[in-house]
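Spelled out from the first residue to the last, the chains are:
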Amino acid sequence: MDVKEPVTDQFYQAQKKQYSYLNLGPTHPATHGIFQNVLKMDGEVIVEATPTIGYIHRAFEKLAERRPFYQITPLTDRMNYCSAPINNIGWQMTVEKLLGVEIPKRVQYLRVIIMELARITDHLICNAVIAVDTGALTGFVYMFQQRELVYEIYEEICGARLTSNVGRIGGFEREFTPKAWEKIDRFLKEFPVVLKEFENLLSRNRIFMDRTIDVGGITAEKALSYSFSGVNLRAAGVDYDVRVALPYSSYEDFDFIIPIGKNGDVYDRFMVRQEEMWQSLSIIKQAMAKLPEGSFHAKVPEFYLPPKEEVYNNMEALIYHFKIVMGETDVPKGEVYHCVEGGNGELGFYLISDGGRTPFRLHFRRPCFIFYQAYPEMIKGSMLSDAILTMSSMNVIAGELDA
Amino acid sequence: MELDDQEKIIAVVNKKFEGEILQTEMLYDFLTATLKKDKIVEIIKHLYDHPDTKFQYLTTLCGIHFPDLNQIAIMYQLHNMVSNQRIRLKVYLPIENPSVQTLTTVFPAANWMERETYDFYGVIFEGHPNLKRILNVDEMTIFPMRKEYPLEDQVREDKNDVMFGR
């Protein structure tokens, strides 16, 4: 990044005001990811910020043009890796929409459970990190212990932890095991206690409130013009949630509220996330109570890999297995956009299929990439330590930002 | 989206911008309109202001390269959050000189999205405040998402992808 004016003694004398330039990042522990910001500082006040992004750009959109649909799921893991299952399932639902597959109710409910667990992990990391950035490390450790419980649930369901690659086009690869249900039950029992404790620790804590209220705020109008979505938009007072506006995966069956904030500042974002975790817990409980009987996957033999025993013993399964792996299945031509409420906003998949085995074009609407451009404006005139806090409260995930 | 609503949106555009819409179709749940490229920003501004449409949220914007047509399409997705209607607008630009007006005058959010489109497709957005590469290195000379740039080295012989690759 080039600094606009040369920083020389003459320059300072001519300006009469002494600015200093500070390189925040690319690898700075407080930015929680690889971003660079060149800050023009007047003392400790930020006058101007120039962000540079793309340090971990991995060309997912280009890679996706060479991969069959089921191989794109692991790419989506690596976008918002704090809530990878939401990305996976969002992508699978996009393909299902293209194919016009009818998904059994049970699969939809199981997906809701996984997606809400993922939302909880996403929000708890973000909130715990806000606390760390204000100096409260204790809550962070407690919350991370709970994240571990969720990761164990993922492990039980799909075998992976962080980059989960959960499910397949059409449903899940196997039924949830009794062990998985046991772990979900344990999480539902233990987590509310910790969450309540965490909330007690911070939500009315004078030091925390002083650090976060009226810091890094944005108005609803500005947020909309910058196409904010997710928690950051809701904290500014706009009740837009994809789960309600454009329900997918049977979200219309559940009773939950969309918490909104007022000022769009760090404190509001923290509180909205906090409330959303409670709502997610309630959705999981409702889904478990109402869980219908049925199959754990839809009948899409041309896309859903058959179980291994079937492949060895059944002619049809062997044919489908071969067709899927070798990419012989016909895909309809079409153009489809599907969006889900990701960890930090409207995560969209714009897919154009020309009938080939790979997408003709796949565009990810990545919420981070879109709202991070408002960051220089949000931190203008604030202190350096507030800029760190603003960034962590926006939940900017480098993987999603750079794709 | 109901049929009446679609017609209403199309009528709003047709009333002021006669003949600008080349084609409208319903792609799954999305109303898609292909437009002539010259007045695209004015039309989006009109859709933004008009009380019947009020598309005041830019969901996303991206480029698509069609090597067969020798064209690059720009896709805009707009959202009216009050009535919960969405529309996709498309313009096609010739590959030799892909340029279109910038949307940053209407939506500040278009800034980085247009930079990304420039970065990957080389589309020039006229009037953009800071049109330079965003995700790729500044030294890059090509526009990598164009179809003529294959993902892997095509002269490699150990990896024959004639059968299964694109």
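Just so you know, the residues in each chain are numbered from 1, in the order the chain's sequence is written. Here the convention is simple: chains get letters from A, ligands get numbers from 1, in the order in which they are written. Predicted model: local features are reported for residues with pLDDT of at least 70 only, side-chain atom pairs are reported and counted for 80 or more only, and whole-chain, interface and lining totals are derived from all residues.

## Details of the overall build of chain B
Along the backbone of chain B there are three helices and seven strands. What counts as a helix is a DSSP run of H or I of at least four residues, what counts as a strand is a run of E of at least two, and both are numbered from the N terminus. From first element to last, N terminus to C terminus, chain B shows the α and β order α-β-β-α-β-β-β-β-α-β. Neighbour counting defines burial: a residue surrounded by 20 or more other C-beta atoms within 10 Å of its own C-beta is buried, one with 12 or fewer is exposed, and intermediate counts give partly exposed, using backbone-placed C-beta atoms. Counting only residues that meet the buried cut, chain B has 36% of its 166 residues in that class.

## Focus: the overall build of chain A
The helix and strand tally for chain A stands at 18 helices and eight strands. Our radius of gyration is a C-alpha quantity, and the globule rule it is checked against amounts to 2.2 Å times the number of residues to the power 0.38. Relative to a compact globule of 403 residues, whose C-alpha radius of gyration would be 22 Å, chain A shows 23 Å and is just as compact. Its C-alpha atoms give chain A principal-axis dimensions of roughly 85 × 45 × 35 Å. Contact definition: two residues whose C-beta atoms, as placed from backbone geometry, lie within 7 Å. Counting contacts in chain A only where the partners sit at least 6 residues apart, residues at least 24 apart contribute 70% of the total.

## Looking at helix 2 (residues 40-49) of chain B
All names here are of chain B. Of the positions making up helix 2, those classed as buried are Ile-40, Val-41, Ile-43, Ile-44 and Leu-47. In a view along the axis of helix 2, the buried residues occupy a sector of 160 degrees, so they form one face of it. Those residues of helix 2 that are buried are in contact with helix 1 (3-16), strand 2 (30-35), strand 4 (71-80), strand 5 (85-94) and strand 6 (99-101). This arc is taken over the directions from the axis of the helix to the C-beta atoms.

## A word on the confidence of the model for chain B
The predictor attaches a confidence to each residue, called pLDDT, with possible values from 0 through 100. The share of residues in chain B with pLDDT of 70 or more is 90%, and the mean pLDDT across the chain is 86. With pTM at 0.90, the complex prediction returns an ipTM value of 0.89.

## A short note on the domain arrangement of chain A
All names here are of chain A. Under the domain assignment, chain A is made up of domain 1 (9-52) and domain 2 (60-402). Domain ranges listed in this record stem from an automatic or a database domain assignment. Put simply, the middle of domain 1 and the middle of domain 2, counted by C-alpha atoms, are 34 Å apart. Looking at the side of domain 1 that touches domain 2, the elements that each hand over two or more residues are strand 3 (33-34) and strand 5 (45-52). Sort the elements by how many residues they give to the side of domain 1 that touches domain 2 and strand 5 lands first, with six residues. Amino acid classes used here: Ala, Val, Leu, Ile, Met, Phe, Trp, Tyr, Cys and Pro are nonpolar; Asp, Glu, Lys and Arg are charged; the rest, including Gly, are polar. Residues belonging to the side of domain 1 that touches domain 2 are distributed by class as follows: seven nonpolar, four polar and two charged.

## Some thoughts on the sheet that holds strand 1 (residues 20-24) of chain A
All names here are of chain A. Strand order in the open sheet formed by three strands is 1-4-5, with antiparallel pairing between adjacent strands. Single-partner strands in this sheet number two, and they are strand 1 and strand 5. Averaged over neighbouring strand pairs, the angle between their axes works out to 20 degrees when direction is ignored. Whether two strands pair depends on DSSP finding at least two bridges between them. Lines fitted to the C-alpha atoms define the axes, with helices restricted to the stretch that makes contact. Angles between their N-to-C directions range from 0 to 180 degrees.

## As for the packing of helix 4 (residues 84-99) of chain A against helix 5 (residues 105-133) of chain A
Residue and element names in this part refer to chain A. For the pair helix 4 and helix 5, the least separation of the axes is 7 Å and the interaxial angle reads 140 degrees. Contacts from Ala-84, Pro-85, Ile-86 and Ile-89 of helix 4 reach helix 5 at Arg-111, Ile-114, Met-115, Ala-118 and Arg-119. Considering only residue class, the contact of helix 4 with helix 5 consists of seven nonpolar, no polar and two charged.

## Quick look at the pairing of strand 8 (residues 361-365) of chain A
All names here are of chain A. Burial of strand 8 is extensive: five of the five residues sit out of reach of the surface. Neither face of strand 8 is open: one carries Arg-361, His-363 and Arg-365, the other Leu-362 and Phe-364, and all of them are buried. Strand direction decides the pairing type here: strand 7 (residues 345-353) and strand 8, joined by five bridges, are antiparallel. From the neighbouring strand, Ile-352 faces strand 8, where its bridge partner is Arg-361.

## Re the interface of chain B and chain A
Taken together, the contact between chain B and chain A spans 27 residues of the former and 33 residues of the latter. Every element with two or more residues in the side of chain B that touches chain A is listed here: strand 3 (57-66) and helix 3 (110-121) of chain B.

## Quick notes on the sheet that holds strand 6 (residues 334-342) of chain A
Each strand in a sheet pairs with another by means of backbone hydrogen bonds, the pair being arranged parallel or else antiparallel. Residue and element names in this part refer to chain A. Judged by pairing direction, the sheet is antiparallel, and its three strands sit side by side in the order 6-7-8 without closing on themselves. Single-partner strands in this sheet number two, and they are strand 6 and strand 8. Along the sheet, successive strands turn relative to each other by an average axial angle of 10 degrees, direction set aside. In this structure, strand 6 lies alongside strand 7, joined through nine bridges in antiparallel fashion. Within strand 7, the position partnered with Gly-334 by the bridge is Ser-353.

## Topic: the pairing of strand 5 of chain A
Residue and element names in this part refer to chain A. As defined by bridge partners, strand 4 (residues 36-42) adjoins strand 5 across seven bridges and the pair is classed as antiparallel. Along strand 5, the bridge assignment pairs Lys-40 with Glu-48. Where strand 4 hands over to strand 5, the hairpin turn is made up of two residues, of which Gly-43 adopts a positive phi near 70 degrees.

## A few points about the environment of Tyr-226 of chain A
Relative to the helices and strands, Tyr-226 of chain A is located in the loop between helix 9 (220-225) and helix 10 (231-235). Of the residues examined, Tyr-226 of chain A has 26 C-beta atoms within 10 Å and is grouped as buried. Along the backbone, Tyr-226 of chain A and Ala-374 of chain A are 148 residues apart, and their C-alpha atoms lie at a distance of 6.7 Å. Those residues in contact with Tyr-226 of chain A that sit more than four places away from it in its chain are Phe-371, Gln-373 and Ala-374 of chain A together with Pro-108 and Ala-109 of chain B.

## Notes on the confidence of the model for chain A
The predicted model of chain A averages 88 in pLDDT, with 96% of residues at 70 or higher. Model confidence for chain A, summarised as mean pLDDT per element, is weakest for helix 1 (residues 9-15) of chain A at 63 and strongest for helix 12 (residues 266-290) of chain A at 93.

## Observations regarding helix 7 (residues 178-202) of chain A
All names here are of chain A. The terminal C-alpha atoms of helix 7 lie 36 Å apart, and with 25 residues this matches the ideal 36 Å at 1.5 Å per residue to within 8%. Most pronounced at Phe-191, the bend in helix 7 amounts to some 30 degrees, and the proline Pro-192 follows within four residues. Looking at helix 7, one finds that the buried residues are Lys-183, Ile-184, Phe-187, Phe-191, Leu-195, Phe-198 and Leu-202. In this fold, the buried residues of helix 7 make contact with helix 5, helix 6 (137-158), helix 8 (206-212) and helix 12. An expected span of 1.5 Å times one less than the residue number is assigned to each helix. The bend at a residue is defined as the angle formed between two axes, one fitted to the seven residues ending at that residue and one fitted to the seven starting there.

## Concerning unusual backbone geometry
All names here are of chain A. Even without glycine at this site, Asp-214 takes up a positive phi of about 65 degrees. With respect to the secondary-structure elements, Asp-214 resides in the loop between helix 8 and helix 9. A count of 14 C-beta atoms within 10 Å places Asp-214 in the partly exposed class. Positive phi, close to 55 degrees, is recorded for Ser-227, a residue that is not glycine. Positionally, Ser-227 belongs in the loop between helix 9 and helix 10.

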